[in-house]
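A look at the structure
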Amino acid sequence: MTTLPASTSPTVSPLEPHLDFIRSQFPALDSPWAFFDNAGGSQVLRGVAERVSDYLLSTSVQLGASYAVSQQASARVEAGVQAAAHFIHAADPREVVLGGSSTQLVANLASSMGEFLKAGDEIIVTDTDHEANVGAWTRLGSRGVKTLIWKVNTQTLELDLDTLESLMTERTRLVCFTHVSNVLGTINPVAQITRFVHERGAKVFVDGVAYAPHRQVDVQAWDVDFYLFSWYKVYGPHISLLFGKLDALLELPSINHFFVSPDAAAYRLQPGNLNYELTYSLTGVTEYMDALQSRLGVDSLGGVFDAFAAHEAMLAGRLLDYLAGKPRVRIIGHPAADPLARVDTISFVVDGVASSELPRFLDGQHVAVRYGHFYAYRLIEALNLDQTEGVVRVSMAHYNTLEEVDRLIAGLEAFGL
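Nothing here was measured: the structure is a model prediction, and the numbers come from that model.

**Observations regarding helix H2 (residues 46-58)**
With 13 residues, H2 extends 18 Å from end C-alpha to end C-alpha; this agrees with the ideal 18 Å at 1.5 Å per step. Within H2, burial applies to Gly-47, Val-48, Arg-51, Val-52 and Tyr-55. Looking down the long axis of H2, one finds its buried residues gathered within 145° of arc, a one-sided arrangement. The secondary structure elements touched by the buried residues of H2 are helix H3 (68-88) and helix H10 (276-296).

Rendered as structure tokens:
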């Protein structure tokens, strides 16, 4: 996990000597565009794409047969699952469920949990989350399950534990919240919230989609029951991952075929099974992280993500400092680039300007940003931002550079900010 001291943005990036190597691993970066829509989907590693191609062209067979090519395919898919388990520090690869999208994985889990939840049981969700981590749970209302909303403090833009405590009762079964808001960029204290919820007898489901590209995921250290993120936002293929503690998965009703073994923890939540070639390609993500670990001279994956955090805070600091000097601009989230408080997903609005106008102008500068509600519609409404067409969002990744941020700032200047 991140060990950086609390501070404002660093002035020196530990990635600077390695940026040529880093950017060479992402073929799409060899283009005239500066990509600042990474929270919607990161660029994909060359090693990931090559593995997808190689699997399809040489081992595209069904798993589990006795012949050699099937055995090779099975080993490749298993290696992908093992890589995923390593990436999140899971205790057991059987705790890794893979699927087509985060929205689908939440829906699958909610469908399974709905089989044993009783009328009057309660689930708490937040109004800061992507709708994937809200809608699937509220739909259980048809079974009599009650949903309560943990509302953001609209002054501090934080989720307060006092508010959560006022919502929890002896009927609370699950508390669902985001690790990082995909609009605010705020890092929520997952370990602290998880302890708080566990002490009151409930489980947690954490949406880590906006966190996993920027900081190390450590499900064991946080003691979370369920954790979710999308690999296509973490430099990989378009699949997603759901972690569940083994005991928690084994107690869930299966949504797969009736004859699937009760001991097949992940498979019981993977109807149709996982995608073979995309699962294998996850080894390309961990290979890249291993290469960076060696280049940076750090002794763990956490050290790589610490370097990401420092570099990204430098990028965020450049942009936030610029935006803070513009009286017409309102930053929606922490105004400082403290790597312990936020990631470099930065949202803002401009007085008198519809949020749609700025990204369209920047298109002409080959600078890719985005506007809207980003499926966090409840948050946009809570902050009265729906009248401005949502927010302008700039979301950076570790492969972005200060030169690209300066291109963005030049574009904002040309717009007349």
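**Some thoughts on the sheet that holds strand S12 (residues 370-372)**
Where strands meet in a sheet, backbone hydrogen bonds hold them as pairs that are either parallel or antiparallel. Within the open sheet, the four strands sit side by side as S9-S10-S13-S12. Their pairing is antiparallel. Since the sheet does not close on itself, it has two edges, and those belong to strand S9 (329-331) and S12, each with one partner. Direction aside, neighbouring strands of the sheet carry axes that sit 35° apart on average. Where S12 and strand S13 (residues 391-395) come together, three bridges link them in antiparallel fashion. Looking at the pairing, Arg-370 lines up with Arg-393 of S13. Along the sheet, helix H11 (residues 301-324) contacts S9, strand S10 (345-350) and S13; its crossing angle with S10, the most-contacted strand, is approximately 15°.

**Looking at the domain arrangement of the protein chain**
According to the domain assignment, the protein chain consists of domain 1 (16-45 + 299-415) and domain 2 (49-285). Of note, the centres of domain 1 and domain 2, computed from C-alpha atoms alone, are 26 Å apart. Taken residue by residue, the interface counts 40 residues in domain 1 and 34 residues in domain 2. Buried area between domain 1 and domain 2, summed over both chains or domains, comes out near 3,000 Å², and the portion from carbon and sulfur atoms is 58%. At the surface where domain 1 touches domain 2, the tally comes to two salt bridges. The closest approach of N and O atoms between Arg-215 and Glu-312, which form a salt bridge, is 3.8 Å. Along the contact surface separating domain 1 from domain 2 lie 20 residue pairs in polar contact (both at pLDDT 80 or more). Secondary structure elements with two or more residues in the side of domain 1 that touches domain 2: H11, S10, helix H13 (377-382) and S13. Counting residues per element, the side of domain 1 that touches domain 2 draws most heavily on H11, at six residues.

**Points about the layout of surface pockets**
Its boundaries defined by the atoms lining it, the largest pocket holds a volume of some 580 Å³. Together, 35 residues line the largest pocket, and Ala-39, Gly-40, His-130, Tyr-232 and Lys-233 are the ones closest to its centre. At the level of elements, helix H4 (102-113), strand S7 (226-230), S12 and S13 are the ones that each hand at least two residues to the lining of the largest pocket. For the lining of the largest pocket, the element with the most residues is S12, which contributes three residues. A per-class count over the lining of the largest pocket returns 14 nonpolar, 16 polar and five charged. Ala-266, Tyr-267, Gln-270, Asn-273 and Leu-274 are, among the 16 residues lining the second largest pocket, the residues nearest its centre. Among the elements that line the lining of the second largest pocket, the one with the most residues is H3, at three residues. The residue makeup of the lining of the second largest pocket, split by class, is 11 nonpolar, two polar and three charged.

**Re the UniProt feature "domain: Aminotransferase class V" (unreviewed entry) in the protein chain**
Per the UniProt annotation, the sites labelled "domain: Aminotransferase class V" (unreviewed entry) are residues 35-408. The straight-line gap between the two end C-alpha atoms of residues 35-408 is 10 Å; of that span, 39% is helix and 15% is strand.

**Considering the sheet that holds strand S8 (residues 240-244)**
Taking strand neighbours across the sheet as the criterion, the seven strands line up as S2-S8-S7-S6-S5-S3-S4 in an open arrangement whose pairing is mixed. Two strands in the sheet have a free side with no partner beyond their single neighbour: strand S2 (96-99) and strand S4 (146-150). Along the sheet, successive strands turn relative to each other by an average axial angle of 20°, direction set aside. Across five bridges, the pairing between strand S5 (residues 172-178) and strand S6 (residues 203-207) is parallel. Directly across from Phe-177, in S6, lies its bridge partner Val-206. Along the sheet, H3 makes contact with S2, S7 and S8, crossing S2 at roughly 115°.

The rules behind these values
Residues numbered from 1 in each chain as written. Predicted model: local features only at pLDDT ≥ 70, side-chain atom pairs only at ≥ 80, totals over all residues. Heavy atoms only, no water. Helix = DSSP H or I, 4+ residues; strand = E, 2+ residues; numbered from the N terminus. Expected span 1.5 Å × (residues − 1). Buried < 20%, exposed > 50% of the residue type's maximum accessible area, 1.4 Å probe, protein only. Arc of directions from axis to C-beta. Contact = heavy atoms within 4.5 Å. Pairing = 2+ DSSP bridges. Axes fitted to C-alpha atoms, helices over the stretch in contact; angles between N-to-C directions. Domains from an automatic or database assignment. Buried area = accessible area lost by both parts, 1.4 Å probe. Salt bridge = Lys/Arg side-chain N within 4 Å of Asp/Glu carboxyl O. Polar contact = N/O pair within 3.5 Å; in protein donor to acceptor, adjacent residues only side chain to side chain. 1 Å grid on protein atoms, 1.4 Å probe; cavity = no way out; pocket = protein on both sides within 12 Å on 5 of 7 lines; lining within 4 Å. Points joined across faces, edges and corners; volume = space filled by probe spheres on them. Nonpolar A, V, L, I, M, F, W, Y, C, P; charged D, E, K, R; others polar. UniProt positions renumbered as here; feature names shortened; annotations may be inferred.

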